[in-house]
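Analysis of the macromolecular model
Read off the chains here:
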Amino acid sequence: MFAVDTLEFPVLGNHSYLASGPRTAVAVDPPRDIDQVIAVAARRGVRIAYVAETHVHNDYVSGGLELARVTGARCLVPAGAAVSFPHTPVADGDTVAVDEDLVLRALATPGHTPHHTAYVLQEGGRAAAAFTGGSLLIGAVGRPDLVEPRLTEHLARAQHASAHRLADALDDAVRLLPTHGFGSFCASGRGTADETTVGAERAGNPVLTKDVDAFVVELLAGLDDVPAYYAHMGPVNAAGPAPVDLTPPEPATADAIAARLAAGEWVVDLRHRVAFAAGHVPGSVNVEADGKLATYLAWLLPWRRPVTLLAESAGQLAHAQRELVRVGIDRPAAAATGDPRSWVGPGERLASHARATFAELAAARAGRGDVVVLDVRRAVERREGHVERSVHIPVHELRARAHEVPDGVVWVHCAGGTRAAIGASLLGAAGRDVVVVDDGFAAAEDAGLGLRRPASR
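So, a few notes on the structure that sits alongside this text.

Here the focus is helix H7 (residues 230-239). Taken as a whole, H7 has its buried residues at Tyr230, Met233, Gly234, Asn237 and Ala238. Taken end-on, H7 shows its buried residues confined to a sector of 120°, consistent with a single buried face. Turned more than 90 degrees from where H7 packs its buried face, Ala231 and Pro235 sit exposed. Immediately beyond the C-terminal end of H7, within one or two residues, lies glycine 240, with a positive phi of roughly 105°.

Below, the discussion takes up the packing of aromatic side chains. A full pass over the atoms with the stated rule returns five aromatic pairs. Residues tyrosine 229 and tyrosine 230 carry aromatic rings whose centres are separated by 5.2 Å and whose planes lie at 80° to one another, so their mutual orientation is edge-to-face. Geometrically, the ring pair formed by tyrosine 296 and tryptophan 299 is stacked, given 5.8 Å between the ring centres and 15° between the ring planes. Here the residue tyrosine 296 and the residue tryptophan 299 both occupy positions in helix H10 (residues 293-300), the gap between them amounting to three residues, near one helical turn. The same class applies to tyrosine 296 as to tryptophan 299, namely buried. Ring-pair connections join several aromatic residues into one group, and the members of that group are Phe185, Tyr296 and Trp299. Directly above the aromatic system of phenylalanine 441 lies the positively charged group of arginine 377, at a separation of 4.1 Å from the ring centroid.

Adjacent strands of a sheet pair through backbone hydrogen bonds, lying either parallel or antiparallel. The strand order across the open sheet formed by four strands is S14-S13-S15-S16, and the pairing between neighbours is parallel. One side of each edge strand has no neighbouring strand; the edge strands of this open sheet are strand S14 (285-286) and strand S16 (334-337). Here strand S13 (residues 266-269) runs beside strand S15 (residues 307-311); their pairing, made up of four bridges, is parallel. Bridging across to S15, valine 268 finds its partner in leucine 309.

For aspartate 29, which is not a glycine, the phi torsion comes out positive at approximately 50°. Inspection of the secondary structure puts aspartate 29 in the loop between strand S3 (24-28) and helix H1 (35-44). We note that arginine 304 has phi near 70°; this positive angle belongs to a residue other than glycine. With respect to the helices, strands and loops of the structure, arginine 304 is situated in the loop between H10 and S15.

This next bit is on the packing of helix H3 (residues 152-169) against helix H6 (residues 212-221). Put simply, H3 and H6 touch, their axes get as near as 10 Å, and they point 125° apart. In terms of their interaxial angle, H3 and H6 are classed as oblique. As for the relative orientation of H3 and H6, their crossing is right-handed in sense. Residues Thr152, Glu153, Ala156, Arg157 and His160 of H3 form the contact with H6, whose own contacting residues are Val212, Asp213, Phe215, Val216, Leu219 and Leu220.

Along the polypeptide, alanine 173 turns up in the loop between H3 and strand S11 (175-178). The class of alanine 173 is exposed, set by a relative accessible area of 64%. As a C-alpha pair, alanine 173 and glutamate 153 span 20 residues in sequence and 31 Å in three-dimensional space.

To continue, consider the nonpolar core. Core analysis: the biggest nonpolar cluster contains 50 residues, and Trp266, Leu297, Leu309 and Leu374 have the highest contact counts within it. Here the element with the most residues in this core is H10; it accounts for seven residues. Discounting chain neighbours no more than four positions away, the residues touching leucine 297 are Trp266, Val268, Val287, Leu324 and Ile329.

Turning our eyes to something else, we now look at the sheet that holds strand S18 (residues 371-375). One open sheet holds the five strands; their spatial order is S17-S22-S21-S18-S20, and the pairing between them is parallel. Here the strands that pair on one side only, and so sit at the sheet edges, are strand S17 (354-356) and strand S20 (391-392). Relative to strand S22 (residues 434-437), strand S21 (residues 409-413) runs parallel, the two being bridged by three bridges. Residue pairing for S22: valine 412 is matched across the bridge by valine 436. Strands in contact with helix H12 (residues 358-367) are S17, S18, S21 and S22; relative to S18, the strand with the most contacts, it is inclined by about 145°. On top of the sheet, helix H15 (residues 418-429) reaches S18, S21 and S22; it is set at about 175° to S22, its chief contact.

What counts and how
- Throughout this description, residue numbers start from 1 for each chain and increase along the sequence as written.
- The predicted nature of this model means local features are confined to residues of pLDDT at least 70 and side-chain atom pairs, given and counted, to a pLDDT of 80 or more, with totals for whole chains, interfaces and linings taken over all residues.
- Excluding hydrogens and water, the side-chain figures rest on all heavy atoms present in the structure.
- For each residue, the accessible area found with a 1.4 Å probe, counting protein chains only, is set against the maximum for its type, and the residue is called buried under 20%, exposed over 50%, and partly exposed in between.
- Numbering of helices and strands runs from the N terminus, with a helix taken as a DSSP run of H or I at least four residues long and a strand as a DSSP run of E at least two residues long.
- Directions pointing from the helix axis toward each C-beta atom define the arc.
- Aromatic rings from Phe, Tyr and Trp, taking only the six-membered ring of Trp, are treated as a pair when their centres fall within 6.5 Å; an angle between ring planes under 30 degrees marks them as stacked, one over 60 as edge-to-face, and anything in between as tilted.
- Whether a charge lies above a ring is judged from NZ of Lys or CZ of Arg, which has to be within 6 Å of the ring centre and within 35 degrees of the ring normal.
- Strands pair, by our definition, only if DSSP identifies at least two bridges between them.
- Fitted lines through C-alpha atoms give the axes, limited to the stretch in contact for helices. The angle between two N-to-C directions lies from 0 to 180 degrees.
- Here is the rule for angles: anything less than 35 degrees is roughly parallel, anything more than 145 is roughly antiparallel, 65 through 115 is roughly perpendicular, and the remaining ranges are oblique.
- Note: crossing handedness is left-handed where the near helix turns anticlockwise from the far helix by less than a right angle, and right-handed where it turns clockwise.
- Note on definitions: a residue-residue contact is assigned when non-hydrogen atoms from the two residues lie within 4.5 Å.
- Here, nonpolar core means buried Ala, Val, Leu, Ile, Met, Phe, Trp, Tyr and Cys residues that are tied together by side-chain atoms lying within 4.5 Å of each other.

Structure, rendered in structure tokens:
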């Protein structure tokens, strides 16, 4: 008998897997913080004999190389991937024996990347599960536009062919275990289930129900923004990521925080947006530790720019460090925890800003002439409906486009409040008067704010 343990990473929208027999196991697409994988193997009482990468990842830094170093496992990498570290190249049809009667078979599935490879887990010669990485996902496929713009349509067509190859090669009952697709920007969409089978995808996944031309048109039309840090993940993974250091950073005094801000470095407050609004270090940026911290901080922060973290507790800081190493933010320059009043010098005051609902925005708009409504959602969200006479600058573009925000009090909104808080903190650090609309977007229409929706609606 075999077992498959799933490691979930909801911030990045990914899964990793450990498939084990009675004695040995294979880790598929492991995270940068490999201690989690090692802990699962220890609980199972198995030795990790193989580490299998489905592709060179564009959305996170892989722990595959380090896991192989630490455990002595063989690191399996698709033969077409140009990596510069020791590994075992695998080609279509190659097999490795994970344990007695447990075999891993490589299946070439180009599309998400040119070299993408899925792995079929066979027990007693029969397929039982398929680790599909960024090829066939739950209700979707991996994006084909992350490698090279000139290859996008070619890779989209390859995705269609690869998905059909998987479906044709596997029985309906085979478990489908993708890496992406649980909120990841590497996915072209998101299914509504957390697990699936080949049969379920055969019945409902557009890549398996549409002809190639219709599928490609639909896929390319629906592509979302690409996080800026993706441009750095592939090269880091190809070169071979360094081991991580999750020990506490250097403590940051009030003077050190002020000096880092003066030097143009980033000081990021990890607390909830309510606490940040009530009082924060002037010039700091609010990216909540409990939100999509890794995605949005890595998207906004200039690559390799030093960052100082401010947290309410040591536990919150440790959680943030673990999230950030997965996207290449390896070591904070410094950090401080505890009472935010200790983060500023004697006689200095914390900054603050207001929070409001959409109903309060509607009232302010009716009574004042200097209200600026700033929508910081992504373009794909805005197309579904937006507040009339609002300015649109996605939060990941706001730092470079802040000069486009009209004069006046800026009421910043997103879909729920988290990105609005990020955007407001960026503008507040630049000296603007801001209000965070800390409310769900569904409340905008109920508040009487006019919405513009697509003509088809």
